[in-house]
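Chains, contacts and geometry: an overview
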Amino acid sequence: MNTSADPAAIGIDLGATHIRAAIVAADGTVSSVVRHALPADAAARRQAAANVALHLLARHPDRWIHAIGLAVAGTIADGVLTSSTNLGMQAVDYRSEIHAATGRATTVLNDAHAAATAEARLVDGARTATILMVTVGTGIGGGLVINGALHTGTGDAGEIGHVVVDPGGPSCGCGRRGCWEQVAGGLALDAAASDEARADPGGRIAAIAGDRHPGAADLARAAAEGDSAAMGVVARHAGLFAAGLDNVCAVVAPHVLILGGGIMARPGPIRDAYLAATRTLRWHQGDVRPANLGDNAGMIGAAQAAWDNSRCRAGG
Ligand SMILES: [Zn+2]
């Protein structure tokens, strides 16, 4: 049990549609979770992170909250969100803005990096291991933690979703074609379900979707029912998932591979096929495990990064 005298940090996860925040103790214990939809107004969106921090500080005047960590879906350089396609923001100096608003030292990092930081700490022997976290959601992201430290390189390390798997494949927002997330991420599964329903309007995927635009959930349901077309689409994407993962593992050679994100969190034929594909890899025979922290990973990792950047370390 944490007492009010124990130092804590605020962790914030600023996603594409929602903001989530909590008070995180040194041991990773989360309390006072706040989650709400982001406002549509651009200025209010930008302010949302500082506002949620102020809200938590005001609500818990008894807690010794000395640092704030912010995880954002975007590219970060030196505390500045340089660009975020998801949030439609660029050049936001979050570190300075939140520090100015709250008076607390603030650390800003990419959301996939934050999630990798938190998940890697749960691995025994993490201080001497190479741990690769792969997040399969609408796209594919990741983070690499080497000997207990997040590897960022010049800032974008871990943008593994942009490893090219099919040079003739669909074009990607990054400017290249056939990036891993374009052929094996959640949006790729949505597109495949839609294509399949269009090609076969009398088929099972089209029937399940009905009036809705067909998506990955319809594909999964059709495959679970044993529909051969749907099972074929899932198998093809699982193969592409494995191809990209093998490329990354060949470079990184992780001791432990952690799989997270919405696609991996949803039980069913897609997750089963993707997991089965990880057992066919040429370049990784090591440990494969599911992510443990779910939607809390980003804010916990952000708070832990804030801890690491502050002078007041756990137990210190
Ligand atoms: Zn790309």
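The structure we're discussing is the one just above.
Figured I'd write up the structure that's included with this text. Computed from a predicted model, the values in this text were never measured in an experiment.

**Considerations on the overall build of the chain**
Helix and strand counts for the chain stand at eleven helices and 13 strands. In terms of overall size, the chain behaves like a compact globule, its C-alpha atoms giving a radius of gyration of 20 Å where 316 residues would be expected to give roughly 20 Å. Taken along its principal axes, the extent of the C-alpha atoms in the chain is 60 × 45 × 40 Å. When each of the 316 residues of the chain is scored for burial, the buried share is 50%. Partitioning the contacts of the chain with sequence separation of at least 6, the portion at a separation of at least 24 is 60%. For the chain, the exposed area adds up to about 14,300 Å²; of that, 52% sits on carbon and sulfur atoms.

**With respect to the coordination of the zinc ion**
Surrounding the zinc ion are the protein donor atoms H162 (ND1), C172 (SG), C174 (SG) and C179 (SG), at 2.0 to 2.3 Å. Around the zinc ion, the four donor atoms sit at angles spanning 103 to 120 degrees, and that spread fits a shape best called tetrahedral. Sequence spacing of the donors to the zinc ion: H-x9-C-x1-C-x4-C. Taken as a pair, H162 in the loop between β11 (149-151) and α4 (180-184) and C174 in the loop between β11 and α4 lie far apart in primary sequence, twelve residues in all.

**Re the pattern of salt bridges**
According to the stated counting rule, one finds nine salt bridges in the structure shown. One salt bridge in this structure joins R198 and D195, with 3.3 Å as the shortest N-O distance. Here R198 and its partner D195 are both found in helix α5 (residues 186-199), three residues apart, which amounts to about one turn of the helix. Several salt bridges converge on common partners, so that one network encompasses R204, R221 and E225.

**Quick word on the nonpolar core**
Formed by 41 residues in total, the largest nonpolar core has its most connected members in V134, W180, L219, F241, I270 and Y274. With ten residues, the top contributor of residues to this core is helix α8 (residues 228-252). When residues no more than four places from it in sequence are discounted, the contact partners of I270 are L189, A216, L219, A220, V234 and I263.

**Section: the sheet that holds β11**
Strands sit in the order β11-β10-β9-β12-β13 across an open sheet of five strands; the sheet is mixed. Single-partner strands in this sheet number two, and they are β11 and β13 (287-290). Direction aside, the axes of adjacent strands within the sheet are offset by 25 degrees on average. Bridge count between strand β10 (residues 140-146) and β11: three bridges; the pairing is antiparallel. The partner of I146 across the bridge, within β11, is A149. Sheet contacts for helix α3 (residues 111-120): β9 (130-136), β10, β11 and β12 (256-260); angle to β10, the most-contacted strand, approximately 50 degrees.

**Describing unusual backbone geometry**
Even without a glycine there, the phi angle at S32 is positive, about 55 degrees. Its identity is not glycine, yet A91 carries a phi of approximately 50 degrees, on the positive side. Relative to the helices and strands, A91 is located in strand β7 (residues 89-92). Classification of A91 as exposed rests on a relative accessible area of 56%.

Rules used in this analysis
- Residues numbered from 1 in each chain as written.
- Predicted model: local features only at pLDDT ≥ 70, side-chain atom pairs only at ≥ 80, totals over all residues.
- Heavy atoms only, no water.
- Helix = DSSP H or I, 4+ residues; strand = E, 2+ residues; numbered from the N terminus.
- Rg over C-alpha atoms; globule rule 2.2 N^0.38 Å.
- Buried < 20%, exposed > 50% of the residue type's maximum accessible area, 1.4 Å probe, protein only.
- Contact = heavy atoms within 4.5 Å.
- Areas by Shrake-Rupley, 256 points an atom, 1.4 Å probe, with all protein chains shown as cover.
- Donors = N, O, S within 2.8 Å, 3.2 Å for Na, K, Ca; no water.
- Tetrahedral: all angles 85-135°; square planar, octahedral: opposite > 155°, others 65-115°.
- Salt bridge = Lys/Arg side-chain N within 4 Å of Asp/Glu carboxyl O.
- Core = buried A, V, L, I, M, F, W, Y, C linked by side-chain atoms within 4.5 Å.
- Pairing = 2+ DSSP bridges.
- Axes fitted to C-alpha atoms, helices over the stretch in contact; angles between N-to-C directions.

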